[in-house]
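An overview of the molecular structure
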Amino acid sequence: MTGAYNPSRTEPTIALRFDELRRMPMQRTYLVSLCLLLEPAAATSGVAQSVDPDNCLLCHQFRGLSRYDRQRDELHVFFVDPSYMHDLAGPHARLACTDCHPREEVRVVPHAPVSRVDCTRTCHVAGASGVMTTFSHAGVAEALRGGVHDPAIMRGLPLSEGPLLAQDQSACLYCHDEPVFRGIERALPQVAMFGDDALARCTTCHKDQLGVDVAYALKHVAARLQPSRSTLDVAQVCAVCHSDPAFHAEPDRHDAVASYMRTFHGKAALLGDESTASCISCHASGNRDVHAMLAHTDPASPTHTDRLPTTCSTIACHPGASPSLADTGVHLDLAASRGTIEYLLAAAFILLTTLTFGPSAILAVLELVQLVAGRESPRDEHVRELTDRLMARPDGRRRLVRFTVPQRIQHWILAGLFVLLVLTGFPLKFADQRWSAWLIRGFGGLAAARALHHWAGILLVLGFLAHMMHTMLLVVRRSRRPGPDGQPTGMLASLLALPMWMTLDDLRKLRHLLAYLFFLRSDRPKFGRFALKEKFEYIGVFWGTMILGVTGMILWGEQTASHLMSGRVFNLAAIAHTYEAFLALVHVGILHTYNVMLSPHVFPLSPATITGTTPPGELIEGHAAFVEDAARELGLHPHEEGGAT
Amino acid sequence: MSGSSRGRAIRWLGALGRAGRAVGKRVYALALIGLIGYSSFLAFRYLVYTLMLPAEAPAQVTQLPRRLDRRVLETDRAAWAGLRTAEHARAPLSHYHRLDTWIQPDRANNCTTSGCHPPLPHAERKEVRAFLNMHATSLHCGVCHMQTEEQPLNLTWYDPATGASRGVPAVLETYAKLLSIEDQPGGYDEDARRVLVDLLRRAAVEAQDGEILTTLADHLRRLSPEAVETADFLAGARAVLPRYFRGEYGAKLALRGADTEAPILAHPGVEREIEPYRAAAGAMTDAERKNLVDRLHPLRRTEALECSDCHADGGIVDFAAAGYPPQRVRELTGSIVARMIQHISDGSPFYLPEFLTAPGTGEPERGEGSSP
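Residues numbered from 1 in each chain as written. Chains lettered and ligands numbered in written order. Predicted model: local features only at pLDDT ≥ 70, side-chain atom pairs only at ≥ 80, totals over all residues.

1. Here's the deal with the overall build of chain A
Within chain A, the regular secondary structure consists of 31 helices and five strands. On C-alpha atoms alone, chain A measures out to a radius of gyration of 35 Å, which is more than a quarter above the 26 Å that the 2.2 N^0.38 rule sets for 645 residues. The principal-axis extent of the C-alpha atoms belonging to chain A is close to 110 × 65 × 55 Å. The burial tally for chain A puts 36% of its 645 residues in the buried class. (Helix = DSSP H or I, 4+ residues; strand = E, 2+ residues; numbered from the N terminus. Rg over C-alpha atoms; globule rule 2.2 N^0.38 Å. Buried ≥ 20, exposed ≤ 12 C-beta atoms within 10 Å, placed from the backbone.)

2. Regarding the pairing of strand β1 (residues 155-158) of chain B
Residue and element names in this part refer to chain B. With burial as the criterion, each face of β1 is covered, one bearing Leu155 and Trp157 and the other bearing Thr156 and Tyr158. Here β1 pairs with strand β3 (residues 252-255) via four bridges, running antiparallel. Bridge pairing links Thr156 to Ala254 in β3. Note that β1 and strand β2 (residues 165-166) share two bridges and pair antiparallel. In the strand pairing of β2, Trp157 is matched with Arg166. Once β1 ends, the chain turns through six residues before running back antiparallel as β2, passing Gly163 with a positive phi of about 85°. (Pairing = 2+ DSSP bridges.)

3. Description of the interface of chain B and chain A
Each partner contributes residues to the interface: chain B has 92 residues there, and chain A has 92 residues. Breaking the side of chain B that touches chain A down by element, the ones donating at least two residues are α1 (3-52), α2 (59-62), α3 (70-74), α4 (81-85), α6 (129-134), α10 (211-222), α11 (228-240) and β4 (350-351) of chain B. Grouping the amino acids of the side of chain B that touches chain A by side-chain chemistry returns 48 nonpolar, 23 polar and 21 charged. (Contact = placed C-beta atoms within 7 Å. Nonpolar A, V, L, I, M, F, W, Y, C, P; charged D, E, K, R; others polar.)

4. Looking at the nonpolar core
Val171, Leu200, Ala203, Leu213, Leu216 and Ala254 of chain B are the most contacted members of the largest nonpolar core, which has 73 residues in total. It is helix α8 (residues 170-183) of chain B that provides the largest number of residues to this core, a total of seven residues. In this structure Leu216 of chain B touches Leu200, Phe233, Gly236 and Ala237 of chain B, once residues within four positions along its chain are discounted. Formed by 39 residues, the second largest nonpolar core is a distinct cluster that contains Phe418, Leu460 and Ala576 of chain A together with Ile36 of chain B. (Core = buried A, V, L, I, M, F, W, Y, C linked by C-beta atoms within 7 Å.)

5. Observations concerning the packing of helix α12 (residues 271-280) of chain B against helix α13 (residues 286-296) of chain B
Residues and elements named next belong to chain B. Contact geometry of α12 with α13 gives a least axis separation of 10 Å together with a crossing angle of 155°. One finds that α12 runs roughly antiparallel with respect to α13. The two elements α12 and α13 meet at a crossing, and its hand is left-handed. Note on element contacts: α13 touches α12 through Leu292, Arg295 and Leu296, opposite Glu273, Ile274 and Tyr277. (Axes fitted to C-alpha atoms, helices over the stretch in contact; angles between N-to-C directions. Parallel < 35°, antiparallel > 145°, perpendicular 65-115°, else oblique. Left-handed = near helix turned anticlockwise from the far one by under 90°.)

6. Some thoughts on the domain arrangement of chain B
Residue and element names in this part refer to chain B. Its domain assignment divides chain B into domain 1 (59-102), domain 2 (170-244) and domain 3 (307-356). Taken over C-alpha atoms, the centre of domain 2 sits 27 Å from the centre of domain 3. Tallying the contact residues gives five residues for domain 2 and six residues for domain 3. In terms of residue class, the side of domain 2 that touches domain 3 is made up of four nonpolar, no polar and one charged. (Domains from an automatic or database assignment.)

7. Focus on unusual backbone geometry
Note the cis peptide between Phe603 of chain A and Pro604 of chain A, where omega equals 5°. Mapped onto the secondary structure, Pro604 of chain A falls in the loop between α29 (568-598) and α30 (616-622). With omega at -5°, the peptide bond leading from Gln151 of chain B into Pro152 of chain B counts as cis. Structurally, the position occupied by Pro152 of chain B is in the loop between α7 (141-145) and β1. At Asp73 of chain A, a position not held by glycine, the phi torsion is positive, near 45°. Using a count of 13 C-beta atoms within 10 Å as the deciding quantity, one classes Asp73 of chain A as partly exposed.

8. Quick look at the environment of Pro276 of chain B
Inspection of the secondary structure puts Pro276 of chain B in helix α12. Taking the C-alpha atoms as reference points, Pro276 of chain B and Leu199 of chain B, separated by 77 residues in sequence, lie 46 Å from one another.

9. What about helix α22 (residues 405-429) of chain A?
Residue and element names in this part refer to chain A. Helix length check: α22, at 25 residues, gives a terminal C-alpha distance of 35 Å against a target of 36 Å (1.5 Å per residue), a fit within 8%. In α22, a bend of some 25° at Leu423 exceeds every other bend along the element, and Pro427, a proline, comes one to four places later. Within the span of α22, buried status applies to Leu417, Phe418, Leu421, Thr424, Gly425, Pro427 and Leu428. (Expected span 1.5 Å × (residues − 1). Bend = angle between axes of the 7 residues up to and from the residue.)

10. A look at the sheet that holds β3 of chain B
Taken in spatial order, the three strands line up as β2-β1-β3 (chain B) in an open sheet, and their pairing is antiparallel. Lying at the two open borders of the sheet, with one neighbouring strand each, are β2 and β3 of chain B.

11. What to know about the environment of Leu446 of chain A
Residue and element names in this part refer to chain A. With respect to the helices and strands, Leu446 occurs in helix α24 (residues 446-479). Residue Leu446 is classed as buried on the basis of its C-beta count, with 26 C-beta atoms lying within 10 Å. Through-space distance from the C-alpha of Leu446 to that of Ser377 is 52 Å; in sequence the pair is 69 residues apart. Each residue touching Leu446, except ones within four places of it in the same chain, is listed here: Ala268, Leu271, Gly272, Asp273 and Ile440.

12. Thoughts on the confidence of the model for chain B
Residue and element names in this part refer to chain B. For chain B, per-residue confidence averages 85 on the pLDDT scale, and residues scoring 70 or more make up 91% of the total. Considering each helix and strand of chain B separately, the mean pLDDT is smallest for β4, with a value of 70, and largest for β1, with 96. The low-confidence segment residues 358-372 (pLDDT under 50) makes 41 contacts with residues lying over four places distant or belonging to another chain. Scored as a whole, the predicted complex attains pTM 0.81, and scored at its interfaces, ipTM 0.82. (pLDDT = per-residue confidence, 0-100.)

13. Here we look at the packing of helix α27 (residues 532-556) of chain A against α29 of chain A
Residue and element names in this part refer to chain A. Two elements in contact, α27 and α29, have axes whose closest approach is 9 Å; the angle formed by their N-to-C orientations is 150°. Taken as axis vectors, α27 and α29 run roughly antiparallel relative to one another. The element α27 and its partner α29 pack so that their crossing is left-handed. Residues Lys533, Glu537, Gly540, Gly544, Ile547, Leu548, Thr551, Gly552, Ile554 and Leu555 of α27 touch α29, and the partners they reach there are Val569, Phe570, Ala573, Ala574, Ala576, His577, Glu580, Ala581, Ala584, His587, His592 and Asn595. Looking at the contact of α27 with α29 residue by residue, the class counts come to 11 nonpolar, eight polar and three charged.

Given below as structure tokens:
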């Protein structure tokens, strides 16, 4: 027997009944997987394929059946995974070894040197009903001709490790190895739920009378109902050449896989999202044979400038988008695009981060230097005394509350949303980090994490708008109150009287503070209810929410937005969103965390935004004027025992 | 202790406490300076890199073995980020057949870790070199190449990751357990189920590619020994387990001393001479090299074992004592394997599948393989 198909010789049947098991609380996907794993085709069909008719696996099932060529540093592995055939793991599982390796060459043991496999050779395979037919991949070889992956081109590619294949090896190996069926769960989840019922229903008819290799057919059909490789696996295949330094060192070439991996599509692929676009989605769009891939300069290529709008707006991708979406730089590499508006925007954000976070970090470090030096302002003792006396009185404690209850509630809503946005957003920014995949899995996948991110963003924007409205109501109410001259204060004056504005006095205090921190003055400036850094953080939240909100909505509603703006805006929005988010994260993650948690004055956590009580150390150092005002209002004077009643 | 000295001690302790607090506060502040400084540095470095350095594809995409070379032999599969993250990682280029699992590097085998011999060391006799290398996944070099007077050989299993002696591999133990259950009607009770499930789980881990075994264990754990499906699952396990008799058990056999379980993984007393030898080997004469090689291999057999020394009834390896189940022992010492080995040893080719055809039936005998 030499053919690939021999219904008379089958593996022993492993009959497994699952009826009782199904009533048990276990994942049903196990059932079908066990069924498909344990039952070779023979178990369910009368037309089953013989596994290894030539008994090659007698030796080749051993992974150690290998040798190492020390001179050429080459490992020759003659191992053939028997589970590939036992489990019908791929479309080649029903082939006999001699369908690819000339029988006359491998029939004799030990084998003489065998010739390379020719993938365009005609082989004999059994169709679904068991009828033998001839088959060849010669059509694929034809499709490759004239495309960018023409074997003649591939063999001439400059690669850093030299040619990847021997001259007489099939060029198919550049992109393919032994093909494997992907699991049925994704393509046919209902079948997976049914367990072996899915097979039992088929085998009622297809076992003896209408012979079909049901287990194999199910795997095959399920595999063909989905991309044959995961998005990440496709990128791995493409990266072999396209990320090779020698390959993209050539003029007019760049590391296309690297730039793809920096897009949303690439990052989603890294995080296990299978609905995102792979390289093939664009470069072989429109049911084009992937083997006939063309250069983007070819007018027939789906990535040619003229055809790109159609490629992007296919039903599977961005069906509602306008053609302008195609203006988006999918393979944008900032470092390689100097002088473009995208590069300048990114540079501007980095400058912004440097000029905002940088000085704040320096101030924090300088404050810590004072602690290391054991330095105290001469007025600290006086403020400490006032603080202690105020804290000893109920009305004093009330007066020292810096945040009202609504403000504290707003703060914690903001904090919660911020944390949620960071946890759901930054895994996408750092998608190649292990913790990102771990976090995304924790959220139930990228789709769930993105949904959470979107809704948290919406709530943040709504909260921001509510805060603005509340503030404006406050301003309006105050504007109607009479001023010192008995006239209504007016809108502008009320607006400017809000405590979070930076004033000239704040700048003077900043100069004073710097002089103190650099040991040029002995006393520190006295800040009021809100210190300079708190005002600065408030402004940061103000501009950050606006930038992140607007750009986030553009990116979320890309199809609608594409009707209103050029595709390049998406690049700009993505840059602004990601750099602003990073600025927010480092500011909150490093400086705000230091100020409210790690600072020795408040460690382990300042209760100012929980109970409203600001720790004495923080009051003395950061809000001395606020303490003195409170003391003055309550009639307390320094060194006065007991205080006023 | 008088009152004044007690007061002095209390004052001292108080002063000490205050000093400690002051020092602690300063140390804490210094640590915070370091923390803020370092995290700020990381943040700025990241920002500058994103703008200045060209994008690079992440390791998950690029870190794949492109060639089958020595590096692949010596690296755990898990060390390749690309293989770890891929759904179906492709084989290294120029190789077609899938390598879903990996040859387990033996970190305890001094013959290879010393750099003297590659992990697949046999390269000379073209007709048998791959067959001989086949044993490298389950045997330490010393089993065939180290001199011992013991008959049968004193063998022990060891963990290739640590070199420590260990018990019989779970795959073999599980199969033996399954056969014993089959031989004893009613022998599958709650205790046997617990043992079997535990063994299946261990076997799944040790075999690297144990999805089926894990699934079987999950099912058996839920099935009462009296359930009607139990017999089917046990039969399924008995049919599936021999697929894992491929010499990769998460353990290897090595020689041991007569009164110790510790494996002999290196020639004794030669560690210091290996590096000088390797450095000077190129400049040595043949005689000098031979002399030094002899010194570096004090336990070497003058003639390595032949296949038939072990793969025959009454061979010098007691497979049963090593924990192989009876059926597997029969396969390893049985007729097909013995005939194959004899042909290969004689240098006489044979033909498949005719070679395996049972006389008079026209049907092939289905052997399971020859490696332990």
